[in-house]
Amino acid sequence: MADREVTIVWGGCVSFGCRWAASQVIKGDETENTGNTASQVVDLYFTTKRKSFEHANLQGQTTDDDAIFILGDDGKPQSADEQTFGSEAAIQFLLSCLQAVKSTGSRVARLVIPLQEGVLVRSDILPLRLKDASAVDEVASFSAPLQRFPGTPLSLEDMASLPAVFRASAGGILLQRNGSGVSDAFEADFDNKLSTAWVTPGPEAARRRRVVVVGCGYRDPSSGGWMAYVFGAARAQGVDLVVVDRAGSWIERAEFADSYEALLAAGPWWANPPAADMGERVAELVAAYGRPVDGIVTFSEPFLASVSRAAARLGLPGQPAASYEVATDKYRLGRFEGRKAFCGATAEEALRFARDEALAYPLILKPRLGLNSEGVVRVDGPDAIRPAVDMIQKTFFKSFTLERYCDGPEVDVNVVLLDGEVLSCEIADDFPKPGDMAKKGPGSAAGADAAHNNFLETYIVYPSALPSPELAMLRDSISATIRRLGFSSGIMHVEARVDRSSVEYRPSATDGVVDLAPRQDNAVSSEPPASWVLEINPRPPGLTASRIIESVYGVDYFGVALALAVDDKDRVRALARPFRDGAQYTGVMALIRADYDEDRCEGIFDSDDICEELLARRPDLAQHINRYGCLAKRGQKIPHPSSGSNTFVAYFNVFSRSRKEALEVAAEVKREVRYSFR
């Protein structure tokens, strides 16, 4: 059949041509046994016709500035609206195409029709996977959550109708202007990034689920809180959320009312760290709600074991409470890994242990239970132990652990496990922290300054540049540790170092960029590199790290977590699968830490949105930043670094096809950020 072409009239006066091939083009053919969902694609070629257009058949039609009409061969106008095109999102996408064509003269858009019967694993799977594909301007989903698709290609007859093509499509992709049409680079990216089973078959896949989330975090979404990511994943996956937290939480504000089904207000038993009976209390609260629940989950380490016990009492999917208790206790985890670790609560206990065991400095002193590296301090001699303990006493968990400081490169390792099988494992470089970079030695000024020996993040870089043998060692060793702990399924955010690594961080001799390079000292051991696990967090990565992983690999760990909570194995497998070709670029999460002179100001943040200010002032940097967020508001009290608390006020996710360029841009971002305190 020949190409089809129609005239599109927008606003009653501007007309466009739209041409497409009335043939069946199949991508990702399932006969290849890849496990990927095949699709039929239709490429629409838009061009401008006339800026002023009059047609007799349009007289008397609506004069709405955004009204769109399709003129076929017979010249009869057909209104382009939600009913004829299938969804409001489809109309908005068509409007975006026309706006782009109006300014550039021509554009190409691709519509994607799934060839698997069922529902999308999440309604926004196309934007999630394709938004940063080569030569892409915009990606839109037309699908409602849990909307069923027949999985059959359009007939040649239906291919002749533009509204029918839109109605059958899961979404659309607007390409950047390219004189040759669809580029080879885009085709390669399309195949690479949709390399997963993005449609789930069967009636169970279309069933709405209800998941209880225990604890909504102390940060609201506008301050970088992770519940924003839970809300988004739940909406896209057809999950109704029921939240357990204390009354008066930020989640009760009207702006979040549509994001969850109900808040089950906890009683006076709610505490952090939790009491021994928290699991029982949570189970009673959920049972009293009186509606069927499919899963229960928490994203806060202190609550993991308690929520596990609640799941067991409610008969819901979960992992052993004992596994969580060891994994989240840094002292017990160190002992589990066979290291000589000590726990205590006073400086005298730590000094006595270091003396009696003849420990060699430097040592690491950290809370047994904590988050975001708060209260973690390197101590270079006996004089540094007391101020380090004082800092930990300011955190919510007073007990600490003490052990040898491993100076190897630090990494973040994120593992998705399902029934004992590792579905994915990605590794990032966690660049040196203040505690790594401070001058070492018991006689140094920094040796007794806990505020400058902390381990708050500076840069986290995806993917890791460690040598391949060390990456393989980390994957095997850490996966084995997770299984030995008793976990069979879950998302594990692991922080570790490579002991006896063959590489170290140092500035390049040519341009000064700090990165991993072969060691130059004579400390190369005859023993092979080994994993030194610092902590295991059985949850998605914290802060905003999950967003850069989504950009680099196409995986949203909060969506995976909700699927795990209801034991939806098909969704877990599909959502945990990264791009076929791995990381699509280097991503650097640059964290902006607050610092100020305590003697001269109160620590009150005295700036507006420092991210927006930087992007407006430095558009050259903005083109390398795809996500960012100001985590502090004017007038907010920010803790001083000496408190050991998380003092991040902003983050920027920098990207580039070149690791060197990404690191250079991230360093420039940090130099250029401006903020003030009073």
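Only a predicted model underlies this, so the values are computations on that prediction, with no experimental measurement involved.

Participant: Which residues make up the pairing of strand E5 (residues 68–71), and what are the values?
Facilitator: Side-chain positions along a regular strand alternate between the two faces of the sheet. Burial along E5 is two-sided: the face carrying Ile 68 and Ile 70 and the face carrying Phe 69 and Leu 71 are both buried. Strand direction decides the pairing type here: E5 and strand E6 (residues 77–79), joined by three bridges, are antiparallel. If you follow Leu 71 over to E6, its bridge partner there is Pro 77. The hairpin formed by E5 and E6 contains five residues between the paired strands, and Gly 75 there has a positive phi angle of roughly 80 degrees.

Participant: For the environment of Ser 249, give the residues involved together with the corresponding values.
Facilitator: By the element assignment, Ser 249 lies in the loop between strand E14 (239–246) and strand E15 (262–266). By relative accessible area, which is 12% here, Ser 249 ends up buried. Put simply, Ser 249 and Gly 217 are 32 residues apart on the chain and 9.1 Å apart in space, counted from C-alpha to C-alpha.

Participant: An account of the sheet that holds strand E18 (residues 363–367) is requested, with residue identities and associated values reported.
Facilitator: Taken together, the four strands give an open sheet; going across it, the order is E17-E20-E18-E19, and neighbouring strands pair in antiparallel fashion. The sheet is open, and its two edges are formed by strand E17 (342–344) and strand E19 (377–379), each paired on a single side. Within the sheet, the average angular offset between the axes of one strand and its neighbour, ignoring direction, is 25 degrees. Note: E18 against E19, three bridges, orientation antiparallel. Bridging from a neighbouring strand, Ile 364 pairs with Arg 378 of E19. Across the sheet, helix H12 (residues 347–356) is in contact with E17, E18 and strand E20 (400–404); its angle to E17 comes to roughly 160 degrees. Relative to the sheet, helix H13 (residues 385–393) contacts E18, E19 and E20, its axis offset from that of E18 by approximately 20 degrees.

Participant: How would you sum up the sheet that holds strand E12 (residues 199–200)? Please name residues and give values.
Facilitator: Sheet strands line up and pair through hydrogen bonds in the backbone, either parallel or antiparallel. The sheet built from three strands is open, its strands ordered E10-E8-E12 with antiparallel pairing. If you trace the sheet from one side to the other, it starts and ends with strand E10 (148–149) and E12, each paired once. Taken together, the two bridges between strand E8 (residues 118–120) and E10 define a ladder with antiparallel strand orientation. Note that in E10 the partner of Gly 118 across the bridge is Phe 149.

Participant: Which residues make up the packing of aromatic side chains, and what are the values?
Facilitator: Aromatic ring pairs are defined here through the distance separating the ring centres and the angle between the ring planes. Tallied over the full model, the rule gives 23 aromatic pairs. Each ring, one from Phe 605 and one from Phe 677, has its centre 5.6 Å from the other, and the planes form 75 degrees; the classification is edge-to-face. Here the residue Phe 605 occupies a position in the loop between strand E28 (586–593) and helix H19 (610–617), and Phe 677 occupies one in the segment after helix H21 (659–672), the gap between them amounting to 72 residues. The class of Phe 605 is buried, set by a relative accessible area of 0%. Counting every residue linked through ring pairs, the aromatic cluster contains Phe 85, Phe 93, Phe 142 and Phe 166. For the cation-ring pair, Lys 193 lies above Phe 579, with the distance from its terminal atom to the ring centre recorded as 5.3 Å. Here the guanidinium or amino end of Arg 547 rests over the ring plane of Tyr 229, the centre of that ring lying 4.0 Å away.

Participant: Explain a negative patch on the surface residue by residue, including any values.
Facilitator: Taken together, the side chains of Asp 595, Asp 597, Glu 598 and Asp 599 make up a negatively charged region of the molecular surface. Classification of Glu 598 by relative accessible area gives partly exposed; the value is 47%.

Participant: How would you summarise unusual backbone geometry if you had to cite specific residues and measurements?
Facilitator: The omega torsion of the bond from Tyr 361 to Pro 362 falls at 5 degrees, within 30 degrees of zero and hence cis. Position of Pro 362 relative to the elements: it lies in the loop between H12 and E18. Across the junction of Tyr 462 and Pro 463, the peptide omega takes the value -10 degrees, indicating a cis bond. Residue position: Pro 463 is located in the loop between strand E23 (459–462) and helix H15 (468–484).

Calculation criteria
Residues numbered from 1 in each chain as written. Predicted model: local features only at pLDDT ≥ 70, side-chain atom pairs only at ≥ 80, totals over all residues. Heavy atoms only, no water. Buried < 20%, exposed > 50% of the residue type's maximum accessible area, 1.4 Å probe, protein only. Helix = DSSP H or I, 4+ residues; strand = E, 2+ residues; numbered from the N terminus. Pairing = 2+ DSSP bridges. Axes fitted to C-alpha atoms, helices over the stretch in contact; angles between N-to-C directions. Contact = heavy atoms within 4.5 Å. Phe/Tyr/Trp six-rings, centres within 6.5 Å; stacked < 30°, edge-to-face > 60°. Lys NZ or Arg CZ within 6 Å of the ring centre and 35° of its normal. Patch = residues over 30% accessible without salt bridge, like charges linked within 9 Å, V, L, I, M, F, W, Y side chains within 5 Å. Areas by Shrake-Rupley, 256 points an atom, 1.4 Å probe, with all protein chains shown as cover. Salt bridge = Lys/Arg side-chain N within 4 Å of Asp/Glu carboxyl O. Lys, Arg positive; Asp, Glu negative; His and termini not counted. Charge placed at Lys NZ, Arg CZ, Asp CG, Glu CD.

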